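What follows is the residue order along each chain.
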Amino acid sequence: VHLNYLAWAYNLCVHDPHAALASADAALTAARECGDGLQEGWALGYGAGALNRLGRAGEAQERLREGARCLASQDSPQGRLAELTSLNSLGTLLRQAGRAAEALDIHRRSERICRAGVPGRTDEVIALYLAVARQQIGNDLAALERWQEAEAPLRQALAAFDAAQM
């Protein structure tokens, strides 16, 4: 857990992707050794972030795919939210790589998870995850030049963010 926190801090606070990747890899090893699937999924995600910052987007995408698969098998609310985070990150990387149709499929999967709900999490929290998924769906549709289809999910996301004062 703490190695993952350290990887997050190196990624987002210190902006040192080399140190972030080293911490994420250490967290991944520890999580696998003790059979902690949730921390394994997070470590794969933090490693993906570092790899992307190092210009290794293909490797980052593969780590996010592996992390999402790992997290999908978790039965906890934390696992669902971590899976949503991995899926949304994966979709964003795919869109940035010119693979907007594939990104759209990934983000629609996130939307389905949100619509199904996450036991143990408030409606307000899930509404924010749903808003992010809809924002990404709108961005994917815009990247595909499907302008009219993009408008509705983007307006839905904006309304949800406004309601949450974000």
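As a reminder, the structure under discussion sits directly above these lines.
The structure presented is a predicted model; accordingly, all values stated were derived computationally and were not measured.

Colleague: What's the story with the packing of aromatic side chains in this structure? I'm lost.
Modeller: The relative placement of two aromatic rings is captured by the distance of their centres and the angle of their planes. Inspection of the entire model under this criterion finds one aromatic pair. Geometrically, the ring pair formed by Trp42 and Tyr46 is stacked, given 5.6 Å between the ring centres and 15° between the ring planes. Placement of both Trp42 and Tyr46 in helix α3 (residues 37-53) is noted, with a separation of four residues, approximately one turn of the helix. Judged by its relative accessible area of 18%, Tyr46 falls in the buried class.

Colleague: Whenever I open this one, unusual backbone geometry confuses me. Can you help?
Modeller: Of all residues except glycine, most have a negative phi; of all peptide bonds, most are trans. The residue Glu145 is not glycine, and still its phi comes out positive at about 60°. Among the structural elements, Glu145 can be located in the loop between α7 (123-143) and α8 (147-163). Given the relative accessible area of 57%, Glu145 is considered exposed. Although it is not a glycine, Gln165 adopts a positive phi angle of roughly 55°. Note on placement: Gln165 falls in the segment after α8. Assessed through its relative accessible area of 76%, Gln165 is described here as exposed.

Colleague: What exactly am I supposed to notice about the packing of helix α6 (residues 100-116) against α7 here?
Modeller: Angle between the axes and distance between the axes: these two values describe a pair of packed helices. Where α6 meets α7, the closest approach of the two axes is 9 Å, and the angle between their N-to-C directions is 160°. With respect to α7, the axis of α6 lies roughly antiparallel. Our pair here, α6 against α7, has a crossing hand that is left-handed. Residues Ala100, Ala103, Leu104, His107, Arg108, Ser110, Glu111, Cys114 and Arg115 of α6 touch α7, and the partners they reach there are Ile126, Tyr129, Leu130, Ala133, Arg134, Gln136, Ile137, Asp140, Leu141 and Ala143. Residue composition of the contact of α6 with α7, grouped by class: 11 nonpolar, three polar and five charged.

What counts, and at which threshold
- Residues numbered from 1 in each chain as written.
- Predicted model: local features only at pLDDT ≥ 70, side-chain atom pairs only at ≥ 80, totals over all residues.
- Heavy atoms only, no water.
- Phe/Tyr/Trp six-rings, centres within 6.5 Å; stacked < 30°, edge-to-face > 60°.
- Helix = DSSP H or I, 4+ residues; strand = E, 2+ residues; numbered from the N terminus.
- Buried < 20%, exposed > 50% of the residue type's maximum accessible area, 1.4 Å probe, protein only.
- Axes fitted to C-alpha atoms, helices over the stretch in contact; angles between N-to-C directions.
- Parallel < 35°, antiparallel > 145°, perpendicular 65-115°, else oblique.
- Left-handed = near helix turned anticlockwise from the far one by under 90°.
- Contact = heavy atoms within 4.5 Å.
- Nonpolar A, V, L, I, M, F, W, Y, C, P; charged D, E, K, R; others polar.

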